[in-house]
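Topology and contacts: notes
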Amino acid sequence: MRDIRIVSPGALEISLLPALAAILRSRAPHWSLTIEPFERRSYEIDLATGRVDFVLSVGGATPTGALVDAAVVWEDELVVLAGPRSALHAGSDRISTELYLAQQHIYPVPWPTSQNYLDVELARAGKHRKIAFSVPSYAALGHVLEATDLIASMPDRSARALICRHPDLRLIRLDPPRRSQLSLLWGISALQEPAISWARSIIQDAAAKHGDAGGGTANRIGSGQD
């Protein structure tokens, strides 16, 4: 038996992680999977010492070095979800940044907006979102969107997963579009362990199940030399 420990952002709770759990249960039912919430900090020592096996990181550059390597899993488009009560629900399939910022938002991320790559980018241009409701996870997001006029921003794969459970929600794209990469990090020395190498292939297979969602790029985990 082997416990695989992965650090993952909340958006993947409804996209990649269910597929990963299903594959692991099918191929290695005696293994366990532990997910830790992602924090905006360096995980180099955690990966190098084996405290965690993998880190999934969304947005921005992923630093690597002598102890850690990384590969791009996929690329997502940042989209908006709106419920029937939102003024955007019956409107255009694409909205401008100005119209997007004029709405009130739900923020389903556990770290401050000052550490979120979207809000950092907006702040550099002197712009800010109107955050009306902050929650630490995606668990209640669909229900809140259905019950209020608020909107939420998230990767397109996560948005499509939520729409499957809440079909009254509407996906709206931003103009100009914003894209971000999902990267997988691992300790270079740990990859010599057959179990870790095999686990990376399982993550690759789970990512491939969502590789074409929302028009994103296909799964790109390779030898670590991307």
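What you are looking at is a predicted structure, and each value in this text was computed from that prediction instead of being measured.

Overview of the pattern of salt bridges
- Tallied over the full model, the rule gives 16 salt bridges.
- Across the pair Arg 170 and Asp 93 runs a salt bridge whose closest N-O atoms are separated by 2.4 Å. Here Arg 170 is found in strand β9 (residues 170-175), whereas its partner Asp 93 is found in the loop between β4 (68-82) and β5 (94-96), with 77 residues between them in sequence.
- Among the charged side chains, a salt-bridge network with shared partners connects Asp 3, Arg 5, Glu 36, Asp 46 and Arg 51.

Quick notes on the packing of aromatic side chains
- Applying the stated criterion to the full structure yields two aromatic pairs.
- On the basis of an interplanar angle of 70 degrees and a centroid distance of 5.0 Å, the ring pair of Trp 31 and Trp 198 is categorised as edge-to-face. Placement of the pair is Trp 31 in the loop between α1 (16-27) and β2 (32-37) and Trp 198 in helix α7 (residues 194-208), with a sequence separation of 167 residues.
- Judged by its relative accessible area of 30%, Trp 198 is partly exposed.

Comments concerning unusual backbone geometry
- Cis geometry marks the peptide bond from Asp 175 to Pro 176; its omega dihedral reads 5 degrees.
- On the secondary structure map, Pro 176 appears in the loop between β9 and β10 (179-187).

Digging into the packing of α1 against α7
- Following both chains from N to C, one finds α1 and α7 inclined at 130 degrees, their axes separated by 8 Å at the closest point. Relative to α7, the element α1 is oriented oblique. Relative to α7, α1 is oriented so that their crossing is right-handed. In contact with Leu 16, Ala 19, Leu 20, Ile 23, Leu 24 and Arg 27 of α1, α7 contributes Trp 198, Ile 202, Ile 203, Asp 205, Ala 206 and Ala 207.
- Partitioning the contact of α1 with α7 into residue classes produces 10 nonpolar, no polar and two charged.

A few points about the nonpolar core
- Leu 16, Phe 54, Leu 56 and Leu 182 are the most contacted members of the largest nonpolar core, which totals 23 residues.
- Of all the elements in the fold, those that place two or more residues in this core are β1 (3-8), α1, β3 (54-58), β4, β10 and α7.
- Sort the elements by how many residues they give to this core and α7 lands first, with six residues.
- If we ignore the near neighbours within four places in the chain, the residues touching Leu 182 are Leu 12, Leu 16, Leu 56, Ser 57, Val 58, Ala 71, Val 72, Val 73 and Trp 74.
- One finds Ile 14, Leu 81, Ala 159 and Leu 169 within the second-largest nonpolar core, a separate group that totals 18 residues.

Scoring rules and cut-offs
Residues numbered from 1 in each chain as written. Predicted model: local features only at pLDDT ≥ 70, side-chain atom pairs only at ≥ 80, totals over all residues. Heavy atoms only, no water. Salt bridge = Lys/Arg side-chain N within 4 Å of Asp/Glu carboxyl O. Helix = DSSP H or I, 4+ residues; strand = E, 2+ residues; numbered from the N terminus. Phe/Tyr/Trp six-rings, centres within 6.5 Å; stacked < 30°, edge-to-face > 60°. Buried < 20%, exposed > 50% of the residue type's maximum accessible area, 1.4 Å probe, protein only. Axes fitted to C-alpha atoms, helices over the stretch in contact; angles between N-to-C directions. Parallel < 35°, antiparallel > 145°, perpendicular 65-115°, else oblique. Left-handed = near helix turned anticlockwise from the far one by under 90°. Contact = heavy atoms within 4.5 Å. Nonpolar A, V, L, I, M, F, W, Y, C, P; charged D, E, K, R; others polar. Core = buried A, V, L, I, M, F, W, Y, C linked by side-chain atoms within 4.5 Å.

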